[in-house]
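Residue strings, one per chain:
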Amino acid sequence: MTISEKIFAAHCGRDSVKAGELVYANLDLVMGTDVTVPLSVSVFNQIGAEKVFDNKKIALVNDHFVPAKDIQAAGLSKTMREFAIKYDIQNYFEVGRSGICHCIVPDSGLVVPGDLIIGADSHTCTYGALGAFATGVGSTDMATSWALGENWFKVPPTIKIIYKGTLQPFVSGKDIILHTIGKLGVEGALYCALEFEGDIIDELSLADRFTICNMAIEAGAKSGIIKADKKVLDFLEGKTNRKFTSYSSDADAKFLDVIEIDVTNLEPQIAFPYLPSNVKPISEVEQIKVDQVVIGSCTNGRMEDFRAAAKILEGKEIAPYVRLIVIPATQEIYLQMMFEGLLNTFIHAGGTISPPTCGPCIGGHMGILGENEVGLYTTNRNFKGRNGHLSSKVFLCSPVVASASALKGFITDPREV
Amino acid sequence: MIKGNVHKYGDNIDTDVIIPARYCTAFTEKELAPHALEDLDANFVKNVRKGDIIVAGRNFGCGSSRENAPIAIKGAGVSCVVAKSFARIFYRNSINIGLPILEIDAAVDEAENGDELEIDLTKGNIKNISKNKTYHVPPFPEMIQEIINLGGMVEFAKRRIEQKKLQQV
């Protein structure tokens, strides 16, 4: 069996399952946010549920439209807060003690290897970086899961991607996953699990692995998953005392496809509008002027991302008329950035710091693009109109490309600044 | 039996163009329907008639997990979405809220904007009346068909809750 098949088997009380089977499986965590929870609350009431399956296995995170962007958004958080109080939800993350769900949830020790997790947010696949099977669902699925502690799944086939070679300086997990999505296409892994492995994955930091698993959905995948190793155990140290099982795929596991990618010649990658698969290496990108640069999100809002980005900006100023918006993914990261002096670097360079939020990534608030404006974001999607005016355009990149480009005012190779 | 005219779109129609996040502080059909597909086809809501059918290419509904997307489409009066493939969260969400969806290549390739389709969901037949052609869609797996038959996940979950209560007795 593959890792994913083993996790499903363990959660439906069977010795083995096969890709393609429909199963009911028990859930270790059901996660939702201010934008998806209120509809779930309404469905939860409609189905006549009297209690939640386990108040410790539900996470409710204020992140999308917070701090409340308008009266309606305030209403969404209020509904979620009232639900949390009513059912005594143990993992409720309030503004000021919160962060972007896919960073705060693993950082709070709510994910361990071997878990089966659903979240009413498409980037829930991020948690696969810790060896869990995690996938996005909608609000109705979340509501019924709150009540039942289980849901139905089709066990996905797995595509294995093996990364080899030597990673060059200024090339990161973001470039690896953008390149991979470019190869697979936005539906290349539809309904499948993507299992990432190889020497390169072993060498990468957890931050880079989170980035890679986070964007599995952009290739249509149900989940991204990486076998847990010592780095995962170190990460979990002190965060949780839950017992867990780390799974790895058997030697004779059946994969739908096995793809080898040599990253030795991989350059920083840029995804052009309007698809994350519309990827080019930076050497093929002509001079593209940018109006706004965003560094943050569930994809690239971690300490490692900000350290790398700040290094390029240290003692420098960004180009005139360019806006740089920096968004620490959690309050903890915000504080750490302060301790390390990164806030100084970004602010002196001319950037502005936003509190943790999804904000501009979904075109919610904290930096919406105007007519014909061009954004360069470290986020995960660049669909038409997603980040602001229908005529605006967003290019996706890594944190170091974002920094270098903010300095120059156009998309810039970080190796040249 | 479903009968309506085709509104045809391409591949990778994402949830951001189906219903942009700026409207996602709401989640009722009434509030979302006036903005369905607004960023893809500004005339869609004006042109769509109750019972009409969206026909699209591959990976329909890719992107966000927002259930607001199928709710907006259903609220606009669309009776069924026929596509070559669906993004998986959109697929689940549609079935859960009782928006019929069908996955098929040929019927999509041969349908044109404005064609009249007649769909028999129980038999899985799509008839393109304008082209005088009939297509067959393979049935859903039993568990999914049961959710569809109950009109969505709400009724299905109610039964499952009752079953579990009985198991515990």
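Residues numbered from 1 in each chain as written. Chains lettered and ligands numbered in written order. Predicted model: local features only at pLDDT ≥ 70, side-chain atom pairs only at ≥ 80, totals over all residues. Heavy atoms only, no water.

1. Section: the overall build of chain A
Next, step 1: When its secondary structure is counted, chain A shows 14 helices and 18 strands.
Next, step 2: Relative to the compact-globule value of 22 Å for 417 residues, chain A shows a C-alpha radius of gyration of 20 Å, a close match.
Next, step 3: Projected onto the principal axes, the alpha-carbon positions of chain A cover approximately 60 × 50 × 40 Å.
Next, step 4: Residues counted as buried form 65% of the 417 residues belonging to chain A.
Next, step 5: Counting every atom, chain A has about 14700 Å² of accessible surface; 50% of that belongs to carbon and sulfur.
Next, step 6: Across chain A, 38 positive and 48 negative side-chain charges occur, with their mean positions spaced 2 Å apart. (Helix = DSSP H or I, 4+ residues; strand = E, 2+ residues; numbered from the N terminus. Rg over C-alpha atoms; globule rule 2.2 N^0.38 Å. Buried < 20%, exposed > 50% of the residue type's maximum accessible area, 1.4 Å probe, protein only. Areas by Shrake-Rupley, 256 points an atom, 1.4 Å probe, with all protein chains shown as cover. Lys, Arg positive; Asp, Glu negative; His and termini not counted. Charge placed at Lys NZ, Arg CZ, Asp CG, Glu CD.)

2. A look at the sheet that holds strand β4 (residues 91-93) of chain A
Residues and elements named next belong to chain A.
Next, step 1: Taken together, 5 strands build an open sheet; the order of strands is β4-β3-β2-β5-β6 and the sheet is parallel. Edge positions in the open sheet fall to β4 and β6 (133-136), since each of these has one partner strand only. On average, each strand axis in the sheet is tilted by 15° relative to the strand beside it, whichever way the strands run.
Next, step 2: As judged from the 3 bridges shared by strand β2 (residues 29-33) and strand β5 (residues 116-119), these two strands associate in the parallel manner. Each residue of the ladder has a partner; that of Val30, found in β5, is Ile118. (Pairing = 2+ DSSP bridges. Axes fitted to C-alpha atoms, helices over the stretch in contact; angles between N-to-C directions.)

3. Thoughts on the interface of chain A and chain B
Next, step 1: Of the residues lining the interface, 48 residues belong to chain A; the matching set on chain B comes to 42 residues.
Next, step 2: Summing the contributions of chain A and of chain B, the shared interface buries around 4000 Å²; its carbon and sulfur component is 61%.
Next, step 3: The largest contributions to the chain A side of the interface with chain B come from Leu148, Trp152 and Tyr191 of chain A, which together make up 17% of the buried area.
Next, step 4: Summed over the shared surface of chain A and chain B, the number is 5 salt bridges. (Contact = heavy atoms within 4.5 Å. Buried area = accessible area lost by both parts, 1.4 Å probe. Salt bridge = Lys/Arg side-chain N within 4 Å of Asp/Glu carboxyl O.)

4. As for the side chain of His11 of chain A
All names here are of chain A.
Next, step 1: Relative to the helices and strands, His11 resides in helix α1 (residues 3-11).
Next, step 2: Taking relative accessible area as the criterion, His11 reaches 11% and is therefore assigned buried.
Next, step 3: Side-chain polar atoms of His11 contact the side chain of Asp28, separated by 2.6 Å.
Next, step 4: In contact with His11, not counting residues within four places along its chain, are Tyr24, Ala25, Asn26, Asp28, Gly114, Asp115 and Leu116. (Polar contact = N/O pair within 3.5 Å; in protein donor to acceptor, adjacent residues only side chain to side chain.)

5. Things to note about the pattern of salt bridges
Next, step 1: All told, the structure shown has 34 salt bridges over all chains when counted by the stated rule.
Next, step 2: Here Arg92 of chain B makes a salt bridge to Asp141 of chain A, at a shortest N to O gap of 2.8 Å. With Arg92 of chain B in helix α5 (residues 88-97) and Asp141 of chain A in helix α5 (residues 139-148), the pair connects residues from two separate chains.
Next, step 3: Bridged by salt links that share partners, the residues Glu150 of chain A together with Arg160 and Lys164 of chain B form one connected network.

6. Some remarks on the packing of helix α4 (residues 68-75) of chain B against α5 of chain B
All names here are of chain B.
Next, step 1: Between α4 and α5, whose axes approach to 9 Å, the crossing angle comes to 50°. Relative to α5, α4 is oriented oblique. As α4 packs across α5, the resulting crossing turns out to be right-handed. Residue-level contacts link Ala69, Pro70, Ile71, Ile73 and Lys74 of α4 to Phe90, Asn93, Ser94 and Ile97 of α5.
Next, step 2: Here the residues of the contact of α4 with α5 are counted per class, giving 6 nonpolar, 2 polar and 1 charged. (Parallel < 35°, antiparallel > 145°, perpendicular 65-115°, else oblique. Left-handed = near helix turned anticlockwise from the far one by under 90°. Nonpolar A, V, L, I, M, F, W, Y, C, P; charged D, E, K, R; others polar.)

7. A word on the domain arrangement of chain B
Residue and element names in this part refer to chain B.
Next, step 1: Its domain assignment divides chain B into domain 1 (2-138) and domain 2 (140-169).
Next, step 2: The interface of domain 1 with domain 2 comprises 8 residues on the first partner and 8 residues on the second.
Next, step 3: Taken together, the links from domain 1 to domain 2 amount to 0 salt bridges.
Next, step 4: Taken together, the connections running from domain 1 to domain 2 amount to 1 residue pair in polar contact (both at pLDDT 80 or more).
Next, step 5: The element best represented in the side of domain 1 that touches domain 2 is α5, accounting for 4 residues.
Next, step 6: Grouping the constituent residues of the side of domain 1 that touches domain 2 by class yields 6 nonpolar, 2 polar and no charged. (Domains from an automatic or database assignment.)

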